[in-house]
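Here is what each chain is made of, one letter per residue.
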Amino acid sequence: WVGRLIESKDPVTAVRAFGLVADRLPAARLHLLATDRTEEPAVCAAIAALGEHAPQVQLHDPVDRAAMTGWYQAADVVLSTSRREGSGYAVIEAMTEGCVPVVTGLPSHRSIVGDVLPTFAPGDAAGAAELVVRAVRVDRDTIRRDAAERLSWAVVVAQLVAVYGQVLRPMET
């Protein structure tokens, strides 16, 4: 999980979802790589509420951008519990490294993940947990290929050029 510990990113739902996953996937670990610690007390309380599974959740200080590739390569799943999202760069970056996306059904997230996996409703820890369990069985190379085909800079630039072309065409007449 990568983001700011703020209400709109909903890190507490990530922790609650992990609690529902922990018995089913005993080797699972949740790493929260977080900036802006506004919701840290609520996140720490949610972690403590996990009881015996609390040590499986680690709250990390911000990670240097260059180090993020290593985190994504080591992770199986990228979890985003955002209630609002303008873009979703962390999900895109994680997918390019083969992380399976488990994300809320926001329009930006749906456009990023395409048909790779279903999404879950914001705040739905049980839905997120079910998708995490499914996600660990998805082949990382499938995710990398999907990201290369749909999310690479070359693809995004071609899409933007096409959209700009459509917008400019009516002005030319």
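Heads up: these notes are all about the structure in this document. Every chain begins its residue count from 1, and numbering advances along the sequence as written. Two thresholds apply to this predicted model, a pLDDT of at least 70 for residue-level local features and 80 or more for giving and counting side-chain atom pairs, whereas whole-chain, interface and lining totals are computed over all residues. Water and hydrogen atoms were dropped before computing side-chain values, which therefore reflect all heavy atoms in the structure.

This brings us to the overall build of the protein chain. A run of DSSP states H or I qualifies as a helix once it reaches four residues; a run of E qualifies as a strand once it reaches two. Both are numbered from the N-terminal end. A count of helices and strands for the protein chain gives eight helices and five strands. The order of helices and strands in the protein chain, counted from the N terminus, is β-α-β-α-β-α-β-α-β-α-α-α-α. For the protein chain, the C-alpha atoms occupy an extent of roughly 65 × 35 × 30 Å along the three principal directions. Taken over 173 residues, the protein chain has a buried fraction of 40%. Contacts are assigned to residue pairs that have any heavy atoms within 4.5 Å of one another. Counted over contacts in the protein chain with a minimum sequence separation of 6, partners at least 24 positions apart contribute 65%. To measure how exposed things are, a 1.4 Å probe is used in the Shrake-Rupley method; for residues, cover is taken only from the protein chains shown. Entry remark: accessible area of the protein chain is about 9300 Å², with carbon and sulfur atoms responsible for 56%. The charge count treats Lys and Arg as positive and Asp and Glu as negative. His and the chain ends do not count. A single reference atom marks each charge: NZ on Lys, CZ on Arg, CG on Asp, CD on Glu. Taken together, the 17 basic and 21 acidic charged side chains of the protein chain have centroids lying 3 Å from each other. Relative accessibility thresholds used throughout: buried, under 20% of the residue-type maximum; exposed, over 50%; partly exposed, between the two (1.4 Å probe, protein chains only).

Turning our attention to the pattern of salt bridges. The term salt bridge refers to a side-chain nitrogen of Lys or Arg lying within 4 Å of a carboxyl oxygen of Asp or Glu. Tallied over the full model, the rule gives nine salt bridges. The partner of Arg-140 in a salt bridge is Asp-76, with the nearest N and O atoms 3.9 Å apart. Here Arg-140, found in helix α7 (residues 140-150), pairs with Asp-76, found in the loop between α3 (65-74) and β4 (77-80); they are 64 residues apart in sequence, far enough to count as distant. What emerges from the salt-bridge pattern is a single network uniting Arg-37, Glu-40 and Asp-61.

Quick look at the pairing of strand β5 (residues 100-103) now. Alternating positions in β5 separate into two faces, Val-100 and Val-102 on one and Pro-101 and Val-103 on the other, with burial throughout. Strands pair, by our definition, only if DSSP identifies at least two bridges between them. Bridge analysis of β4 against β5 gives four bridges, and the strand direction is parallel. Note on β5: the bridge partner recorded for Val-77 is Val-100. In this fold, the crossover linking β4 to β5 by way of helix α4 (residues 89-96) has right-handed handedness. A right-handed crossover is one whose linking path, passing over the helix from the first strand to the second, runs clockwise when the strands point away from the viewer.

As a further point, take the packing of helix α1 (residues 11-22) against helix α6 (residues 125-135). Angles here are taken between N-to-C directions and fall from 0 to 180 degrees, while the axes themselves are lines fitted to C-alpha atoms, restricted in helices to the stretch in contact. Interaxial distance between α1 and α6 falls to 8 Å at its minimum, and their mutual angle equals 55°. Considered as vectors, α1 and α6 are oriented oblique to each other. Viewed along their axes, α1 and α6 form a crossing whose handedness is right-handed. Contact residues: α1 offers Thr-13, Arg-16, Ala-17, Leu-20 and Val-21, while α6 offers Ala-125, Ala-126, Ala-128, Ala-129, Val-132 and Val-133. What sets the label is the angle itself: under 35 degrees gives roughly parallel, over 145 gives roughly antiparallel, 65 to 115 gives roughly perpendicular, and the rest give oblique. In this scheme the crossing of two helices becomes right-handed for a clockwise turn of the near helix relative to the far one and left-handed for an anticlockwise turn of less than a right angle.

Moving on, we get to α1. In this scheme, a helix's expected span is set at 1.5 Å multiplied by one less than its residue total. Between its first and last C-alpha atoms α1 spans 16 Å; for twelve residues at 1.5 Å apiece the expected length is 16 Å, and the two agree. Most of α1 is tucked away, with nine of its twelve residues classed as buried. For α1, the set of buried residues is Pro-11, Val-12, Thr-13, Ala-14, Val-15, Ala-17, Phe-18, Val-21 and Ala-22. Structurally, α1 contributes buried residues whose contacts are with β2 (30-35), α2 (40-48), β3 (57-60), β4 and α6.

Positive phi values are uncommon outside glycine, yet Asp-10 reaches one of about 50°. Relative to the elements of secondary structure, Asp-10 occurs in the loop between β1 (2-4) and α1. In this model, Asp-36 sits at a positive phi of 25°, which is unusual for a non-glycine residue. Inspection of the secondary structure assignment puts Asp-36 in the loop between β2 and α2.

Here the focus is the sheet that holds β3. The parallel open sheet is built from three strands, whose spatial order is β1-β2-β3. What marks the edges here is a single partner per strand, and that holds for β1 and β3. Each strand of the sheet is rotated relative to its neighbour by a mean of 30°, with strand direction disregarded.

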